[in-house]
Amino acid sequence: MIICIVVLFAKVHGQSVIRSILIEVSNNQTTNLIFPSDIVSVDRGSERIVVQKSISNILRVKADTLFSDTTNLTVVTAGGKLYSFLVRFSNYPSILTLNLGVSERIDQDTAMLHFARRVIHLNNRMHGVRYSIGNVSLSLHGVYTNGEIIAVKMRMENHSPFSYEVGRIAARLGTMRTARRKAEQERELPLLLTEMETSLVRGKQISIIVVLVPKSAFTPTHTLQIQLHERAGERHLSLTVPNHLLLKAYLLK
């Protein structure tokens, strides 16, 4: 019996313990978690926190409402690695972007995230391109570039009394119609990153959304269509950015 107890004790203490990482979230700022590999699954300890993937390895976390206790968040990435987080509310989170690995991809994704956040806070440069359905509208407020990436800034306004939760965001590439050339069949364009002030836009509120796409995908005849799908709803939004506005993208140095 003594031998069995010793063996059991050794097995228990030989197992590795995954320590939880403490993060802070707010209802008016986004905390970004950047993982070294693709996210496979996410489990929230409470519905008071809202999570959304920007790209395959970046997770955005916000508070849906103020809360006083601590909840948890579990993320599993490709390869079976598990990350455990303790989540608490703070009006002013001390860290808004957390890298959970060191690699060339992490550095690139961090740079894109900073570029998108910079665009969110810029003054509006474009007006007139707009789409609305069910008292929810999406309007173009600017096209920017750093030379390699195109950032499309949009303003979403919810004039209805019902909340709108942004689900899937897609981009499609098309070709201008001319007298000699018919439009080519549209094809979906992979998004590099999406960043928004909030993915849950309540009634009478707004959200600024920035979508990053690769510049290399465009030719002088292309147009860009951004589609926002309402999660568990039918108020899908579609905004077409004309070719001449893409060519006027403002260069950010």
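Scroll up to find the structure.
Below, the structure is looked at part by part. (Residues numbered from 1 in each chain as written. Predicted model: local features only at pLDDT ≥ 70, side-chain atom pairs only at ≥ 80, totals over all residues. Heavy atoms only, no water.)

1. Observations concerning the sheet that holds strand E1 (residues 21–25)
- Spatially, four strands are ordered E1-E7-E6-E3 in an open sheet, and the strand pairing comes out mixed. Sheet topology places E1 and strand E3 (39–44) at the edges, where each strand pairs with a single neighbour. Strand-to-strand twist of the sheet, defined as the mean angle between neighbouring strand axes without regard to direction, takes the value 30 degrees. (Pairing = 2+ DSSP bridges. Helix = DSSP H or I, 4+ residues; strand = E, 2+ residues; numbered from the N terminus. Axes fitted to C-alpha atoms, helices over the stretch in contact; angles between N-to-C directions.)

2. Points about the sheet that holds strand E4 (residues 49–55)
- Pairing within the open sheet is mixed, and its four strands lie in the order E4-E5-E2-E8. Two strands lie at the open edges of the sheet, namely E4 and strand E8 (97–99), each paired on one side alone. Sheet twist, expressed as the average angle between the axes of neighbouring strands with direction ignored, equals 20 degrees.
- As judged from the six bridges shared by E4 and strand E5 (residues 58–63), these two strands associate in the antiparallel manner. The residue of E5 that forms the bridge with Ile49 is Ala63.

3. Overview of unusual backbone geometry
- Notably, Lys204 is not glycine yet its phi reads approximately 70 degrees, a positive angle.
- Checked against the element boundaries, Lys204 lands in the loop between strand E15 (200–201) and strand E16 (206–214).
- Of the residues examined, Lys204 reaches a relative accessible area of 63% and is grouped as exposed. (Buried < 20%, exposed > 50% of the residue type's maximum accessible area, 1.4 Å probe, protein only.)

4. Re the nonpolar core
- In this structure, Leu140, Met156, Phe218, Leu224 and Leu228 are the most contacted members of the largest nonpolar core, which totals 31 residues.
- If you list the elements that add at least two residues to this core, you get strand E10 (136–145), strand E11 (149–158), strand E12 (164–175), E16, strand E17 (222–230), strand E18 (237–241) and helix H3 (243–246).
- Element by element, the count of residues in this core is highest for E12, at five residues.
- The residues contacting Phe218, other than those within four sequence positions of it, are Ile150, Leu173, Leu189, Val213, Leu224 and Leu246. (Core = buried A, V, L, I, M, F, W, Y, C linked by side-chain atoms within 4.5 Å. Contact = heavy atoms within 4.5 Å.)

5. Points about the side chain of Glu230
- Its place among the elements puts Glu230 in strand E17.
- Looking at Glu230, its side chain comes within polar contact range of the main-chain nitrogen of Glu234, at 3.4 Å.
- With near-sequence residues (within four places) excluded, Glu230 lies in contact with Ser163, Tyr164, Glu165, Gly167, Arg235 and His236. (Polar contact = N/O pair within 3.5 Å; in protein donor to acceptor, adjacent residues only side chain to side chain.)

6. A short note on the environment of His244
- You can see His244 is positioned in helix H3.
- Judged by relative accessible area, which is 46%, His244 ranks as partly exposed.
- Separated by 23 residues in the primary sequence, His244 and Thr221 place their C-alpha atoms 8.9 Å from one another.

7. Here's the deal with the pattern of salt bridges
- Overall, the coordinates contain 10 salt bridges when judged by the stated rule.
- For Arg48, the salt bridge goes to Asp69, with nearest N and O atoms at 3.2 Å. With a gap of 21 residues between them, Arg48 in the loop between E3 and E4 and Asp69 in the loop between E5 and strand E6 (70–77) connect regions that are remote in the sequence.
- Note on Asp69: relative accessible area 37%, which makes it partly exposed.
- Salt-bridge contacts for Arg202 lead to Asp64; the nearest nitrogen and oxygen are separated by 2.6 Å. Here Arg202, found in the loop between E15 and E16, pairs with Asp64, found in the loop between E5 and E6; they are 138 residues apart in sequence, far enough to count as distant.
- Salt bridges linked by common partners bring Arg60, Arg117 and Glu195 together as one network. (Salt bridge = Lys/Arg side-chain N within 4 Å of Asp/Glu carboxyl O.)

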